[in-house]
Structures are given as structure tokens and as C-alpha cells.
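Commentary on secondary and tertiary structure
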Amino acid sequence: RLRVTVIRAAGLKSTDWIGGTDPYCVIVLSDREAKERTQFQTKLMHNTRNPEWNQAIEIPAYAQGDSLEFVIMDKDFWVSNILGTAALTGDQLYPG
């Protein structure tokens, strides 16, 4: 079991022609072979380039060696756009 807290993002680019950025974060859990196991998502924040989620997420399926990818998305009416990504390897989560 792993508990992850997604705190915030800052200075996101605006991809909307009209209106502001509506960001959310998708957390992707992958195993040692980089096979996706599950996904979690934060709440949607409206019209901000500096979202503050402060959202804790429990990942019961986490096993030592798994990695996490954080994908910041901009919710639009038809499609969501990727604003940025970050990742933590299993070694970064449990150095040792």
C-alpha cells in the first residue's frame, strides 16, 4: 500500500483558445516491466494555471519496485490535452 499526495502544479501553459486551463492529474501505476496496472485521478480544477489539489490518494495495489507517472491534463469539451509529465521509479520511491 502506498499513499501519494498530489500537492500542486505551477505555471501551466494554456492550451485553450477561449477560457482558461482546467487541469487535473492522472497518476499511472506501472510494474517493473513498465506494464500499466491501474490509474487514479485528482479532482478537476477550473480556470487556473496554478492548481492546488492537496489531494491524498491511496494505492492499495502498489508493490515494491512499481513506478508512478504523473500526467497533468487540461480538460476540454471534446478532448483533454497533456500539459506535462513527471515520473518516479521504484528506486526513487524506495531507495536503497
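Details of the structure are given in the entry above.
A word on the pattern of salt bridges. Throughout the structure, instances matching the rule amount to three salt bridges. In this structure, R3 and E58 form a salt bridge, with 3.2 Å as the shortest nitrogen-oxygen distance. Taken together, the residues R3 in strand β1 (residues 2–8) and E58 in strand β4 (residues 52–59) connect sequence positions 55 residues apart. Taking the relative accessible area as the measure of exposure, E58 reaches 34% and is therefore partly exposed. Ionic pairing is found between R37 and D66, a salt bridge with its closest N-O pair at 2.2 Å. A residue pair is termed long-range when its members are at least 10 positions apart, and R37 in strand β3 (residues 36–41) and D66 in the loop between β4 and β5 (67–74) qualify at 29 residues. Connected through salt bridges with shared partners, the residues R1, R3 and E58 form a single ionic network.

A separate point is the nonpolar core. One finds V4, V6, C25, I27, I59, L68 and F70 to be the most contacted residues of the largest nonpolar core, which totals 16 residues. Those elements that provide at least two residues to this core are β1, β2 (23–30), β4 and β5. Residues in contact with F70, not counting those within four places in the same chain, are V4, V6, C25, V26, I27, G84, T85, A86 and L88. Formed by five residues, the second largest nonpolar core is a distinct cluster that contains Y24, V28, V71 and M73.

Backbone geometry at A34 places phi at a positive 65°, although glycine is not the residue there. If you trace the backbone, A34 turns up in the loop between β2 and β3. The backbone of N47 sits at a positive phi, close to 55°, despite the residue not being glycine. Checked against the element boundaries, N47 lands in the loop between β3 and β4. In this structure N47 comes out as exposed when scored by relative accessible area, which is 57%.

Bringing the sheet that holds β2 into the picture now. Read across the open sheet, the four strands follow the order β3-β2-β5-β6; overall the sheet is antiparallel. For this open sheet the edge positions go to β3 and β6 (81–88), each flanked by a neighbour on one side alone. Adjacent strand axes in the sheet meet at a mean angle of 20° when their direction is disregarded. As paired strands, β5 and β6 are joined by seven bridges and run antiparallel to one another. Bridging across to β6, L68 finds its partner in L88.

About the criteria used
- Residues numbered from 1 in each chain as written.
- Predicted model: local features only at pLDDT ≥ 70, side-chain atom pairs only at ≥ 80, totals over all residues.
- Heavy atoms only, no water.
- Salt bridge = Lys/Arg side-chain N within 4 Å of Asp/Glu carboxyl O.
- Helix = DSSP H or I, 4+ residues; strand = E, 2+ residues; numbered from the N terminus.
- Buried < 20%, exposed > 50% of the residue type's maximum accessible area, 1.4 Å probe, protein only.
- Core = buried A, V, L, I, M, F, W, Y, C linked by side-chain atoms within 4.5 Å.
- Contact = heavy atoms within 4.5 Å.
- Pairing = 2+ DSSP bridges.
- Axes fitted to C-alpha atoms, helices over the stretch in contact; angles between N-to-C directions.

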